[in-house]
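Fold and geometry: a report
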Amino acid sequence: MAVVASAPGKVLMTGGYLILERPNAGIVLSTNARFYAIVKPIHDCLKPDGWACAWTDVKLTSPQLSREIDYKLSLKNLKLQCVSSSELRNPFVEQAVQYAVAAAHGKNKKELLNKLLLQGLDITILGCNEFYSYRNQIEARGLPLTPEALASLPPFASITFNAEVSDGKNCKPEVAKTGLGSSAAMTTAVVAALLHYLGAVDLSYSMSTEVDVVDLDLVHMIAQSAHCIAQGKVGSGFDVSSAVYGSQRYVRFSPQVLSSAQVAPDERPLQEVIVDVLSGTWDHERTKFSLPPLMTLLLGEPGSGGSSTPSMVGAVKKWQKSDPEKSFETWRKLSDANSALETQLSTLSKFANDHWDTYKHVIKYCSLHSSAKWMEQTTEPSQEAVVKALLGAREAMLGIRHHMRQMGEAAGIPIEPEPQTLLLDATMNIEGVLLAGVPGAGGFDAIFAVTLGDSSINVSRAWSSLNVLALLVREDPRGVSLENGDPREKDIFKH
């Protein structure tokens, strides 16, 4: 029986750069763009002499890349050995497999686990189109830069690579990424599917029972460990956390919790590393958070070239060391602005819960007008309170953008480059737009907007006229989850 698990991509709305250091918080929204992992046995039944085997088969298939990689998994030290071309390897999936199997060893009956492993592990990974940029394909077809053109592409479209260059190495994929955290979503989906398949967790969900948070915590710790080892550094972990738990306010864990996992792999058995990781102090903080009702997250792709997050982070750290006083002051102001936005959005969510009719009326009116006119039609104090919170959120976002630009100028990097500034200012002036900004570390990759009511269509049209492709991404506060079947056999996006 196949197990299918999925995990969402993310948009870091606030907390860029600051989220790297405790106790700074960030607001991260999970999205409807999901990575899927399908796990099933390679062999239907065991061979008579199967129990004597010291190795088992693992097959990884990525249909979008037209790739299939074969491995042998040692049942003694739980390490994978690739028996295909090493150029095709996927370190995130490899670490996810090794860590998930090692974790299952401590949670499942050994005989049952060995039986499942000896039947082999057939793993298929699939990422929604929204993780990748298809601007070039749309323009090559002569189609307009609209969400409708994106929706005309087949689900899980193939990702082609450029031809080999003269030195024999592959170029980057023709399809660039959109910055939604594909590696974190993929790692989390594989870990979740394997842990459920191997009986280490139960991610089943029904109307009467929710998934046990202890099981989600295990998925989180294993996915964070595998992801950090695969990328060669301990990041803030917000992308994995949102892939597991969904939209949230996040404060990172202390990096020391993964110190044993960073020891050279040959020095300690993986099972011992897992024990240390699971018994360590995971001091991250997460609070449930999602956009208030009747608000829509939009993501746009300007198509002006990508940015390298690691090099931008490196430049900011260099600036912090060279000018600690100024950088501390900028970070303090940025943190205050982040907190102010969080407070205003929380106020709006509470207002929607307590005074729905008033909230709904105000949002509908504001969705039809630019922010300068929002206060004009308020006729009672409760309506005025909603508009004040909306305008307070806008003011906080303008403060965030200002301090992010200051940081970029001081560090010599384009956190909010001038073309993005003009684009964001124009977006914030559109009727019904609450916020606009650059997600995460900023740069040229993407922009986001939060719109009120039904006004997102205005933004999509305006962006199209400005050569910006509005993606099909929306906020979906769900985290990791089990699926009923192969996602290729059903509609992923409901337009």
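Just above sits the structure.
It should be emphasised that the depicted structure is a prediction, and the values quoted were computed from it without experimental measurement. Residue positions within a chain follow its written sequence, with the count starting from 1. Residue-level local features of this predicted model are given only where pLDDT is at least 70; pairs of side-chain atoms are given and counted only at 80 or more, and the full residue set underlies all totals for whole chains, interfaces and linings. With hydrogens and water stripped out, all remaining heavy atoms of the structure feed into the side-chain values.

A simple rule labels every residue: compare its accessible area, found with a 1.4 Å probe on the protein chains alone, to the largest value its type can have, and call it buried under 20%, exposed over 50%, or partly exposed in between. Helix and strand labels come from DSSP, where a helix needs a run of H or I of at least four residues and a strand needs a run of E of at least two; each type is numbered from the N terminus. With 5 of its 5 residues buried, strand S10 (residues 433-437) lies for the most part within the structure. By this definition, two strands are paired if DSSP reports at least two bridges between them. Sheet topology note: the S10/strand S11 (residues 447-452) ladder contains 4 bridges and is antiparallel. Paired with Ala436 across the strands is Ala449, a residue of S11.

A separate point is the environment of Glu384. Inspection of the secondary structure assignment puts Glu384 in helix H12 (residues 381-411). Residues Glu384 and Val362, spaced 22 residues apart in sequence, show a C-alpha to C-alpha distance of 8.8 Å. Setting aside residues up to four positions removed in sequence, Glu384 forms contacts with Met375 and Thr378. Contacts are assigned to residue pairs with any non-hydrogen atoms lying within 4.5 Å of each other.

Topologically, Leu60 is positioned in strand S3 (residues 55-62). With a relative accessible area of 4%, Leu60 lands in the buried category. With 15 residues separating them along the chain, Leu60 and Leu75 place their C-alpha atoms 18 Å apart. Dropping the residues within four chain positions of it, Leu60 is found in contact with Arg67, Glu68, Ile69, Tyr71, Asn90, Val93, Ile123 and Ile125.

By volume, the second largest pocket amounts to about 840 Å³. For the second largest pocket, the lining is made up of 24 residues, of which Leu216, Tyr245, Arg478, Gly479 and Val480 are closest to its centre. The element that contributes the greatest number of residues to the lining of the second largest pocket is strand S8 (residues 285-288), accounting for 3 residues. When grouped by side-chain class, the residues that make up the lining of the second largest pocket number 11 nonpolar, 8 polar and 5 charged. Put simply, the grid is 1 Å and covers the protein atoms alone, a cavity is a trapped set of points that fit a 1.4 Å probe, a pocket is an open set with protein on both sides within 12 Å along at least five of seven lines, and lining residues have an atom within 4 Å of a point. Grid points are joined across faces, edges and corners, and a volume is the space filled by probe spheres set on the points. Amino acids are sorted into nonpolar (Ala, Val, Leu, Ile, Met, Phe, Trp, Tyr, Cys and Pro), charged (Asp, Glu, Lys and Arg) and polar (every other residue, Gly among them).

On to helix H8 (residues 270-279), then. Taken together, the buried positions of H8 are Leu270, Val273, Ile274 and Val277. Mapping the buried residues of H8 onto a view down its axis gives an arc of 100°, with all of them on the same face. What points out from H8, more than 90 degrees from its buried face, is the exposed set Val275 and Ser279. Those residues of H8 hidden inside the fold are in contact with helix H1 (91-105) and helix H6 (213-231). As used here, the arc belongs to the directions running from the helix axis to the C-beta atoms.

Turning to empty space enclosed by the protein, a few remarks are in order. Under the defined criterion, the tally for this structure stands at 1 cavity of 30 Å³ or more. Put simply, the largest cavity is a space of about 90 Å³. The set of elements that each furnish at least two residues to the lining of the largest cavity consists of strand S1 (3-14), helix H10 (324-354) and H12. The element best represented in the lining of the largest cavity is H12, accounting for 4 residues.

Take the packing of H12 against helix H13 (residues 418-428) next. Every angle, taken between N-to-C directions, lies between 0 and 180 degrees, and every axis is a line fitted to C-alpha atoms, over only the stretch in contact when it is a helix. Closest axis-to-axis distance for the H12/H13 pair is 13 Å, and the angle between their directions is 175°. In terms of orientation, H12 and H13 fall into the roughly antiparallel class. Judged by residue contacts, Arg394, Leu398, Arg401 and Arg405 of H12 engage Thr421, Leu424, Asp425 and Met428 from H13. Among the residues making up the contact of H12 with H13, the classes are represented as 3 nonpolar, 1 polar and 4 charged. Orientation is classified from the angle alone, with under 35 degrees giving roughly parallel, over 145 giving roughly antiparallel, 65 to 115 giving roughly perpendicular, and any other angle giving oblique.

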